[in-house]
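Letter by letter, the chains look like this.
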Amino acid sequence: MPDLSNLYTSPGSYQTFVPSSLVQAITGVVFYGALLIIAIMSLFTIYSLIKYSDSKPTAFTVTIIYLVIFFSMAVAGMHTLLLIQ
Amino acid sequence: MRELFPGQEENERIYLVIREHWFTLLINMIIWFAFAIVLTAINYFLPLYISAAALAPFQNFITLFKDIFIMFMCLGIFMTWSLYFLNIKIITDQRIVEISYTSIFSHTISELSITKIEDVTSEVAGVFGNIFSFGNVYVQTAGKEERFTFDNVPSPDKLERLILNLYDQRIKDVPNGIVREIEP
């Protein structure tokens, strides 16, 4: 079983990333760096899309679909990161 | 009334809001889905040729790389669709407006008064253009800007006819070749 103790401290609480090895720390920096770039680009895109689109319902729907995929992948990545020792 | 573009007048009647034909979006999307095919191929062939790739710790690195790859791919698809969706041409009874996004960070809004139109040309070119009925419409103006181009729009012949009809409605010839606008 993978050790997820550095992610979940107690039910309902969430601890930020605390690397347990150098490899995990370096991989974490790369992963969170990529995540940050993607998040910034996503925010700009969502802002432009919602502000300037002629059909707000379509813009909102597509944005929500994108965000669901983005957060799913981000959480999956965070879990995978913890498996790296 | 909802404002579609800056400077829109209250009594201005919008006839058409048009985007590029869906086929152009499809072509852009196919490029992004090619990345998905590459990912699927890596997923399938890598463990066959490098057996260690399927075992820890390398498996986790590969899974993480795939996560980042998919996130970038989704962002690319999202941005491509957003640019397609935001690039619109609006035809009203007074003007033609083009809102053009070259990237998410920059956009230009061009306007052309219906009264300044001199010539409208539609063009359907290529195999897919003929099959799916899309093409370009060129609007020649009297002003400094030589041509106003609608690229890859659906049914260019109908669009051309609409612009000319609006021009006819808007303009009335008067003696000595001088034109005046008809009050709406």
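The coordinates are above.
Residues numbered from 1 in each chain as written. Chains lettered and ligands numbered in written order. Predicted model: local features only at pLDDT ≥ 70, side-chain atom pairs only at ≥ 80, totals over all residues. Heavy atoms only, no water.

Counting its secondary structure elements, chain A contains two helices and zero strands. The buried share of chain A, taken over its 85 residues, is 33%. Restricting the contact set of chain A to residue pairs at least 6 apart, pairs at least 24 apart contribute 62%. (Helix = DSSP H or I, 4+ residues; strand = E, 2+ residues; numbered from the N terminus. Buried < 20%, exposed > 50% of the residue type's maximum accessible area, 1.4 Å probe, protein only. Contact = heavy atoms within 4.5 Å.)

Residue and element names in this part refer to chain B. Examined bridge by bridge, strand 3 (residues 95-103) and strand 4 (residues 106-113) share eight bridges and lie antiparallel to one another. Within strand 4, the position partnered with Ile-99 by the bridge is Ile-109. Between the antiparallel neighbours strand 3 and strand 4 lie two residues. (Pairing = 2+ DSSP bridges.)

Opposite charge on two side chains permits them to pair, given that their charged atoms come into close proximity. Residue and element names in this part refer to chain B. Going through the model one piece at a time under the given rule, you end up with four salt bridges over all chains. When the shortest N-O distance is used, the salt bridge between Glu-12 and Arg-95 registers 2.8 Å. Residue Glu-12 is located in the segment before strand 1 (14-18), and its partner Arg-95 is located in strand 3; the two are separated by 83 residues in the primary sequence. A relative accessible area of 2% means that Glu-12 is categorised as buried. Relative accessible area serves as the criterion here: at 10%, Arg-95 is assigned to the buried category. The partner of Glu-98 in a salt bridge is Lys-89, and the shortest N-O contact between them spans 3.8 Å. As far as burial versus exposure is concerned, Glu-98 and Lys-89 are alike and both buried. (Salt bridge = Lys/Arg side-chain N within 4 Å of Asp/Glu carboxyl O.)

Their axes nearest at 10 Å, the elements helix 1 (residues 22-52) of chain A and helix 2 (residues 58-86) of chain B cross at an angle of 15 degrees. On the basis of the axis angle, helix 1 of chain A is roughly parallel to helix 2 of chain B. Crossing hand, helix 1 of chain A versus helix 2 of chain B: left-handed. (Axes fitted to C-alpha atoms, helices over the stretch in contact; angles between N-to-C directions. Parallel < 35°, antiparallel > 145°, perpendicular 65-115°, else oblique. Left-handed = near helix turned anticlockwise from the far one by under 90°.)

Turning our eyes to something else, we now look at the sheet that holds strand 1 of chain B. Residues and elements named next belong to chain B. Pairing is antiparallel across the open sheet formed by four strands, whose spatial order is 1-2-3-4. If you trace the sheet from one side to the other, it starts and ends with strand 1 and strand 4, each paired once. Ignoring strand direction, the axes of neighbouring strands in this sheet form an average angle of 15 degrees. Relative to strand 2 (residues 88-92), strand 1 runs antiparallel, the two sharing four bridges. Following the sheet pairing, Ile-14 is matched in strand 2 by Thr-92.

All right, on to the interface of chain B and chain A then. Often, the extent of an interface is quoted as the loss of accessible area upon association of its parts. The partner chain A presents 32 residues to the 26 residues of chain B that form the contact. The three residues of chain B that bury the most area against chain A are Leu-64, Met-71 and Phe-78 of chain B, which together make up 25% of that side's buried surface. Inspection of the region where chain B meets chain A yields one salt bridge. For Arg-19 of chain B, the salt bridge goes to Asp-54 of chain A, with nearest N and O atoms at 2.4 Å. At the boundary of chain B and chain A, one finds four residue pairs in polar contact (both at pLDDT 80 or more). Tallying contributions element by element places helix 2 of chain B first for the side of chain B that touches chain A, with 17 residues. Its residues assigned to classes, the side of chain B that touches chain A shows 19 nonpolar, four polar and three charged. (Buried area = accessible area lost by both parts, 1.4 Å probe. Polar contact = N/O pair within 3.5 Å; in protein donor to acceptor, adjacent residues only side chain to side chain. Nonpolar A, V, L, I, M, F, W, Y, C, P; charged D, E, K, R; others polar.)

Here the focus is the packing of aromatic side chains. All names here are of chain B. Per the stated rule, a full pass over the model turns up 18 aromatic pairs over all chains. Ring geometry for Trp-22 versus Phe-23: centroids 6.2 Å apart, planes at 70 degrees, classification edge-to-face. Residue classification places Trp-22 among the partly exposed residues on the basis of a relative accessible area of 43%. Residue classification places Phe-23 among the buried residues on the basis of a relative accessible area of 9%. An angle of 15 degrees between the planes, with centres 4.6 Å apart, marks the rings of Trp-81 and Phe-85 as stacked. Of this pair, Trp-81 and Phe-85 both sit in helix 2, four residues apart, which is roughly one turn of that helix. Assessed through its relative accessible area of 15%, Trp-81 is described here as buried. Here a set of aromatic residues connected by ring pairs shows up, and it is made of Trp-22, Phe-23, Phe-128, Phe-132 and Phe-134. Positioned above the aromatic ring of Phe-85, the side-chain terminus of Arg-19 is 4.1 Å from the ring centre. (Phe/Tyr/Trp six-rings, centres within 6.5 Å; stacked < 30°, edge-to-face > 60°. Lys NZ or Arg CZ within 6 Å of the ring centre and 35° of its normal.)

The values are spatial; any link to function lies outside them.
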